[in-house]
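These are the residues of each chain, in order.
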Amino acid sequence: MTTAVKEKDKKTRIPGMPPGHGNGDGLGGWGGGMPHGNSNYSLPIHPAKLGLWLFIAASMMLFAAFTSAYIVRSGAGDWIRFGLPTVMWIGTGALILSSVTIQYALRAVKTGKEDVFRKALLLTGLLAAGFIAGQFTGWNSLRASGVYLETNASSSFFYMITVTHFVHLIGGAIALIFVTIKAMRGRYNKNNFLGLELCATYWHFLDALWVYLFVFLLVV
Amino acid sequence: MKTSGRLDGLLFVLFFIIGLIACIWYLIRHDPGFLPLASEHGGFIDNLFVVTLIITGIVFILTHVLLVFFTFRYKGNGNGEKAFWYPDNKKLEIIWTIVPAVIIVALIVWGQVGWAKIFHTNPPDDAFVVEIVGEQFAWNIRYPGEDGEFGRTNPELITRTNPIGLDRTDPAAEDDIVVLNELRVPLDHPVLLKLRSKDVIHSVFLPNFRVKMDAVPGMTTTFSFKPTVEGEFDLLCAELCGLGHYRMRGYVVVQPMEELEVWLSEQREMN
Amino acid sequence: MASEHAVGTVEHHKETFISKYVFSYDHKMIGKQYMITALVWALIGMALSWIMRIQLAYPAEQMPWLETVLGRYAEGGILAPEYYLAMMTMHGTIMVFFVLTAGLIGTFGNFLIPLQIGARDMAFPFINMLSYWTFFLASVIMLLSFFVESGPAAAGWTVYPPLSAIAAAIPGSGAGQTLWLLSIGVFIVSSLFGSLNYIVTVLNMRTKGMTMGRMPLTVWAIFIAAILGLLAFPVLLSGAIMLLLDKNLATSFFIPAGLYIGGELLSYEGGSPILWQHIFWFFGHPEVYIVALPALGICSEVIATYARKPLFGYKAMVASLLAIAFLSFIVWGHHMFVSGMNPFLGSVFVLTTILIAVPSAVKVFNWLATLWRGKLHFTPAMLFAIGLVSLFITGGLTGIFLGNAPIDIQLHDTYFVVAHFHFVMGAAALFGIFAGIYHWFPKMYGRMMNNTMGKLHFWLTFIGIYLIFFPMHFMGTTGVPRRYYAFTEFEYTMQYGGMNEFITIAALITGAAQIIFLINFFGSMYLGKKAERNPWNATSLEWTTDDPMPGHGNWKGEIPMVYRGPHQFSTPEGKEDYVMQSDNTGFEGLEREN
Ligand code: HEM
Ligand SMILES: [Cu+2]
Ligand SMILES: [Cu+2]
């Protein structure tokens, strides 16, 4: 098909174009010449997925700004370091595991193992709840030891960054609940799992973002 | 679709010519250019400005002559007659990408020579050092006194009579002189301004000296220059600092070093 | 995906008043909602500039009517300094965010993208609807701040802390500033929704044959501006969150230790005011181009259409848009040459800044080449586009002064800057909006706007803009600082008393001339001559819709296929002086496949 069109294109090429005056094929613009097929004209990615990736890009700019500001501000000389509570390590582990389980769920639904899929999804929910609980416990224990939002710029950044991540995570958790309900009602199968896929992508992002932030807060 | 347009073309021509004449007339008649120059590096800035003005002025006139001429000349009759088919010309485009790039790079290279003189050269050790501490809405001017050193300050000590919170227990603070809104600098002698602020951001602006630098709370900024004209000049604030921003008036007095020293010793006695 | 949409039938859900005009999913209605809201904001912004101008021309003069109009802002008939600053801050904020950002990309991004690339709607109509209503919410919050006890935000649209963070420093930094930050936060969310939609729609929803290289320049410009918005606005959000925390929860991101304000020592620790400036301008400069690029895109398309010539150097035009967009992320420091930032950094920013002038120059030359030997049709849209070129030249050239750091020492924060950004960003973008409205009004409302009134509107506005803003260059060169409540305190600023009066009168007349536009705009909606399908003999897809004013779904039948690039006017082989993108001459054998 492609070659046929190309030939057609060559034949119908408009004669009499002054040399150097044409835009490529004499039709203006570029990338034309083949008005057939659609793979050329739109990205081979579902719009919703693309939208999600763009949202992720925007979120990354937000956290990049936070962490850059953190680096600049930490050079000011009044910076007080404090250790992160152990429970946050556990929460981090749970979040990483939940990323694994949601991927497992996705794989299961793709291969038609709907039983496994539901269990993996529920497990993901459980692990997410574990992370959320871990965050709350962590914040509480820090406050109990006298580290408040306004204590020092280091604690201000810590709370601001972790809470902002948490807000993103709440969005992911709502999506997860939504997907789980749909899954329980049997809405997903081998041929239809877009919602789950989006949710999984976002969840991986939350996970990767958290690991980055956690390591950043520990090291920098 | 019919559109009349003779009048529009004509109006563009008229507007351009009248505007240009008005501009030139205004420049000649009112000479609103720079304030009288009173510093060494200011000459460089003024020259750079004038050269940029000439270059951009030529570009402005050329592009507008073309714009106005085209609108005047190429009116269509709206009957679907064809225009000249001319979708691109690589050579032309390359030329008018490179030519502006070259001119502009030349301008900034020249600009950077001056920038380096102003900011990247350390002021000489014997520079006359003055500290300016901005506050809403006044300038506290501090001279280090004979020891050439500023004493410690502490915001907790700020009172009405001690506006910058000078710590009098510091020996270096003993001979510090603090006055309000009056910046005295020596003629033909390098001056180093050290700028701070007590509250919000201010900006020390000495228009005659082509000096401007923000006074930022929490840090010290500097600007060094050499006054070249004796007399009294304005000191303004150029960064929005509150409702009194527009009347944060200070004075700059340039006088020979000997007179300035006399004034300083008078002030010390009064302090 | 394109195939699905190419023949897909329009969903027919029952249209109620609410679903059609209020919570509409139709991209065209959403575009119009943006447009009308932005027009209302433009009137408010303009009214604020009038108040400022009257104060600047007649300082300390008692005008009892001012108290009648402004109430507590002008007790005794004199505008108080703190409220001058509040008017100024709100004017700048409203104009930049609500009029030029929302009004340009919101209106034309929504209205034009699907129509010009051949799609039935945006990629995410629901998110699109949300985008408008979050913008509306942001508007309401900003409006509320006019009514709080201490007045609206007053620290400038750049909201530099500590001034913006500490209520004791200026009254506007109390509740007003908090509302300002909240409003901008909500606005950022709205703009994010919008950007997502524009980008995905452009990348995924184009009709057959509509390659990226065949998109009208307006779509290119909006697409690139949307990418800028997607990457720049989150950075402002980060700053806004930190400032909000500093203001209301006693953190010290931006506020240093030892501040002594209003007779009191504040208990902040070690924050950096300059950090805010870096964050703000990292966003702020791309923002300038988020505003400017769509206007430049509209200008290109309008000029080609009414000059009856192909846009000269289409590729170079796209390339220069991309170059400007890329460079705009690495020039922010030119707003900070004398902020106390390291002067070495200043040198770097000089280089990047001045580089931006090159693609801008290319755009101007290409516009001129497009006009050369054209067959110009002087419609109001064309006049505004030509006007834009002039304003863009003027404002662009003054940028060469400001970008060269040594000159900026003298000109920074003077009226030279006010003149510069009003030309290149304010007036140029405004002219882009006007050109767009005059050009696409027939597609929006199915009727024509009045030509004579349009021309009158153009001439009064164009001349007015020059009269208002050109003299400000002289004031700036002399060193008259901006954000001044009055020029009465210094002899050398007082010499401009007459000029200030002149500027104010020009501003009042120019503002009044906008009434002509409003009458024309709203009048033509109901009384205008019925429009034909393609009244301007333009080439892009929106002019192929079955009705002059298309309904939801845009095309009743199939979406047209695209066979050639945009702006194909006066081609040697065409029968008429324009060839539409959907014209299949030379490709008759090609059938649609599916
Ligand atoms: C109707 C025509 C307009 C007039 C008469 C006008 C007038 C003014 C005046 C008097 C100021 C205050 C300058 C100062 O005190 O330093 C100002 C500031 C400003 N204007 Fe306009 N303006 C107009 C249109 C616009 C437009 C269309 C924009 C869109 C970009 C705009 C953006 C700004 C900004 C960003 C500021 C700075 C605010 C600040 O300093 O925080 N203006 N304008
Ligand atoms: Cu000030
Ligand atoms: Cu900028």
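It should be emphasised that the depicted structure is a prediction, and the values quoted were computed from it without experimental measurement. (Residues numbered from 1 in each chain as written. Chains lettered and ligands numbered in written order. Predicted model: local features only at pLDDT ≥ 70, side-chain atom pairs only at ≥ 80, totals over all residues. Heavy atoms only, no water.)

With respect to the coordination of the copper ion (ligand 3)
Residues and elements named next belong to chain C. Worth spelling out the cut-off: Donor criterion used throughout: N, O or S atom within 2.8 Å of the metal, extended to 3.2 Å for Na, K and Ca. Water excluded; incomplete-looking sites may result. We count a stretch as a helix when DSSP gives it H or I for four or more residues in a row; a strand needs E for two or more, and each element gets its number in order from the N terminus. For each residue, the accessible area found with a 1.4 Å probe, counting protein chains only, is set against the maximum for its type, and the residue is called buried under 20%, exposed over 50%, and partly exposed in between.
Protein coordination at the copper ion (ligand 3) comes from H285 (ND1), H334 (NE2) and H335 (NE2), with a distance range of 1.6 to 2.1 Å. Of note, the copper ion (ligand 3) draws all its donor residues from one chain, in the sequence arrangement H-x48-H-H. Taken together, the residues H285 in helix α9 (residues 273–307) and H334 in the loop between α10 (314–327) and α11 (343–371) connect sequence positions 49 residues apart. Judged by its relative accessible area of 7%, H285 falls in the buried class. By relative accessible area, H334 is classed as buried at 13%.

Focus: the coordination of the copper ion (ligand 2)
Residue and element names in this part refer to chain B. Our working definition: Here a site with four donors is tetrahedral if all angles are between 85 and 135 degrees, and a site with four or six donors is square planar or octahedral if opposite donors are over 155 degrees apart and the other angles are between 65 and 115; anything else gets the irregular label.
At this site the copper ion (ligand 2) is bound by C237 (SG), E239 (O), C241 (SG) and H245 (ND1), with donor distances of 2.1 to 2.6 Å. Coordination at the copper ion (ligand 2) comes from four donor atoms whose angles at the metal span 87 to 129°, giving a geometry best classed as tetrahedral. In the primary structure, the donors to the copper ion (ligand 2) are separated according to the pattern C-x1-E-x1-C-x3-H. Across the pair, exposure class does not vary: C241 and H245 are buried alike.

Quick look at the nonpolar core
Rules: Joining through side-chain atoms within 4.5 Å is the link that ties buried Ala, Val, Leu, Ile, Met, Phe, Trp, Tyr and Cys residues into a set, and such a set is a nonpolar core. When checking whether two residues touch, look at their non-hydrogen atoms; a contact exists if any pair is within 4.5 Å.
Judged by nonpolar contacts, the single largest core of 351 residues is most densely connected at B:L183, B:L193, B:L206, C:F97, C:L293, C:W367 and C:F521. Leave out the neighbours within four places in its chain, and C:F521 touches C:M35, C:I36, C:L39, C:I437, C:F441, C:Y445 and C:M449. Grouped together as the second largest cluster of nonpolar side chains are five residues, B:V133, B:L166, B:A173 and B:V178 included.

Structural notes on the confidence of the model for chain A
Residue and element names in this part refer to chain A. We count it as follows: Per-residue confidence from the predictor is given as pLDDT, running between 0 and 100.
Across chain A, the average pLDDT comes to 83, with 83% of residues at 70 or higher. Confidence drops under pLDDT 50 across residues 1–24; counting only partners more than four residues distant or on other chains, this segment forms 34 contacts. For residues 33–40, every residue scores under 50 in pLDDT, and the model assigns this stretch 26 contacts once sequence neighbours within four places are set aside.

A look at the site of ligand 1
All names here are of chain C. The condition that has to hold: Nearness is judged by heavy atoms alone; a residue qualifies as near a molecule or strand once a single heavy atom is within 4 Å of it. Polar contacts, as used here, are pairs of N or O atoms within 3.5 Å; protein pairs need one atom able to donate a hydrogen and one able to accept it. Residues neighboring in sequence count only if both atoms are side-chain atoms.
If you check the shell around ligand 1, you find 22 residues, and the closest are Y84, H91, W157, H422 and R483. Residue Y415 places a side-chain N or O atom 3.4 Å away from an oxygen atom belonging to ligand 1. With respect to ligand 1, the side chain of R482 contributes an N or O atom lying 3.0 Å from an oxygen atom. If you list the elements that add at least two residues to the shell around ligand 1, you get α3 (27–57), α5 (81–117) and α14 (415–445). It is α5 that provides the largest number of residues to the shell around ligand 1, a total of seven residues.

Side note on the sheet that holds strand β5 (residues 191–197) of chain B
In a beta sheet, neighbouring strands pair by backbone hydrogen bonds and run either parallel or antiparallel. Residue and element names in this part refer to chain B. Stated precisely, the cut-off is as follows: A pair of strands counts as paired when DSSP detects no fewer than two bridges linking them. Between N-to-C directions, angles cover 0 to 180 degrees, with each direction set by a line fitted to C-alpha atoms, over the stretch in contact for helices.
Strand order in the open sheet formed by five strands is β3-β2-β1-β5-β8, and the pairing between neighbours is mixed. Edge positions in the sheet fall to β3 (177–180) and β8 (221–225), since each has one partner strand and no second. Mean inter-strand twist for the sheet, computed between neighbouring axes without regard to direction, equals 25°. Pairing geometry for strand β1 (residues 128–135) and strand β2 (residues 138–143), over five bridges, is antiparallel. Residue pairing for β2: E135 is matched across the bridge by A138.

Brief notes about helix α6 (residues 125–144) of chain C
All names here are of chain C. To be explicit about the condition: By definition here, a helix of n residues has an expected span of 1.5 Å times n minus one.
End to end, α6 covers 29 Å across 20 residues, agreeing with the expected 28 Å (1.5 Å per residue, within 8%). Those residues of α6 lying buried are N128, M129, S131, Y132, T134, F135, A138, S139, I141 and M142. Looking at the packing, one finds that the buried side of α6 touches α3, α5 and α7 (175–204).

With respect to unusual backbone geometry
Cis geometry is adopted by the peptide bond preceding B:F137, which originates at B:Q136 and carries an omega value of -5°. With an omega of 5°, the peptide bond between C:P161 and C:P162 qualifies as cis. The residue C:A60 is not glycine, and still its phi comes out positive at about 60°. Residue position: C:A60 is located in the loop between α3 and α4 (64–70). Since its relative accessible area comes to 61%, C:A60 is described here as exposed.

Section: a negative patch on the surface
Residues and elements named next belong to chain B. The test is simple: To count toward a patch, a residue needs a relative accessible area above 30% and no salt bridge. Like charges then connect within 9 Å, nonpolar side chains (Val, Leu, Ile, Met, Phe, Trp, Tyr) within 5 Å. Note on areas: Shrake-Rupley with a 1.4 Å probe; residue coverage comes only from the protein chains shown. We count a salt bridge whenever a side-chain nitrogen from Lys or Arg sits within 4 Å of a carboxyl oxygen from Asp or Glu. By the counting rule applied here, Lys and Arg register as positive and Asp and Glu as negative, while His and the ends of each chain are not counted. Where a charge lies is defined by one atom per residue type, namely NZ (Lys), CZ (Arg), CG (Asp) and CD (Glu).
Taken together, E230, E258, E259 and E261 make up a surface patch of like negative charges. Its location among the elements puts E261 in helix α4 (residues 257–270). Residue classification places E261 among the partly exposed residues on the basis of a relative accessible area of 48%.

Focus on the packing of aromatic side chains
Counted only if it meets this: Pairing of aromatic rings covers Phe, Tyr and the six-membered ring of Trp, with a centre-to-centre limit of 6.5 Å; geometry is then stacked below 30 degrees between planes, edge-to-face above 60, and tilted otherwise.
Under the counting rule described, the total for this entry stands at 101 aromatic pairs over all chains. Ring geometry for A:Y70 and A:W79: centres 5.0 Å apart, planes at 75°, overall edge-to-face. Overall, the relative accessible area of 17% leaves A:W79 in the buried class. On the numbers, 5.2 Å between centres and 55° between planes, the contact of C:F423 with C:Y466 is tilted. Separated by 43 residues along the polypeptide, C:F423 in helix α14 and C:Y466 in helix α15 (residues 451–478) bring together distant segments of the chain.

Some points on the interface of chain B and chain C
So the rule is basically this: Note on terms: buried area is the combined drop in 1.4 Å-probe accessible area of two parts once they are placed together, counting the loss on both. Basically, the charged four are Asp, Glu, Lys and Arg, the nonpolar ten are Ala, Val, Leu, Ile, Met, Phe, Trp, Tyr, Cys and Pro, and anything else, Gly included, counts as polar.
Of the residues lining the interface, 93 residues belong to chain B; the matching set on chain C comes to 115 residues. Of the roughly 9500 Å² buried where chain B meets chain C, counting both sides, 73% is carbon and sulfur surface. Inspection of the region where chain B meets chain C yields three salt bridges. Linking chain B to chain C there are 24 residue pairs in polar contact (both at pLDDT 80 or more). Secondary-structure elements contributing two or more residues to the side of chain B that touches chain C are α1 (6–30), α2 (40–73), α3 (90–119), β7 (211–215), β8 and β9 (231–237) of chain B. Broken down by element, the residue count for the side of chain B that touches chain C peaks at 15 residues, all from α2(B). Class assignment of the residues belonging to the side of chain B that touches chain C gives a composition of 55 nonpolar, 22 polar and 16 charged.

Overview of the pattern of salt bridges
Enumeration over the complete set of coordinates arrives at 20 salt bridges over all chains. A salt bridge links A:R118 to A:E114; the shortest N-O distance between them is 3.5 Å. Here the residue A:R118 and the residue A:E114 both occupy positions in helix α4 (residues 114–144), the gap between them amounting to four residues, near one helical turn. Owing to a relative accessible area of 27%, A:E114 belongs among the partly exposed residues under this scheme. Across the pair C:D547 and C:K556 runs a salt bridge, and its minimum N-O distance is 2.9 Å. On the accessibility criterion, C:D547 (27% relative accessible area) is partly exposed. Its relative accessible area of 64% is what places C:K556 among the exposed residues. A cluster of three or more residues bridged by salt bridges with shared partners is formed by B:E131, B:R142, B:D176 and B:R196.

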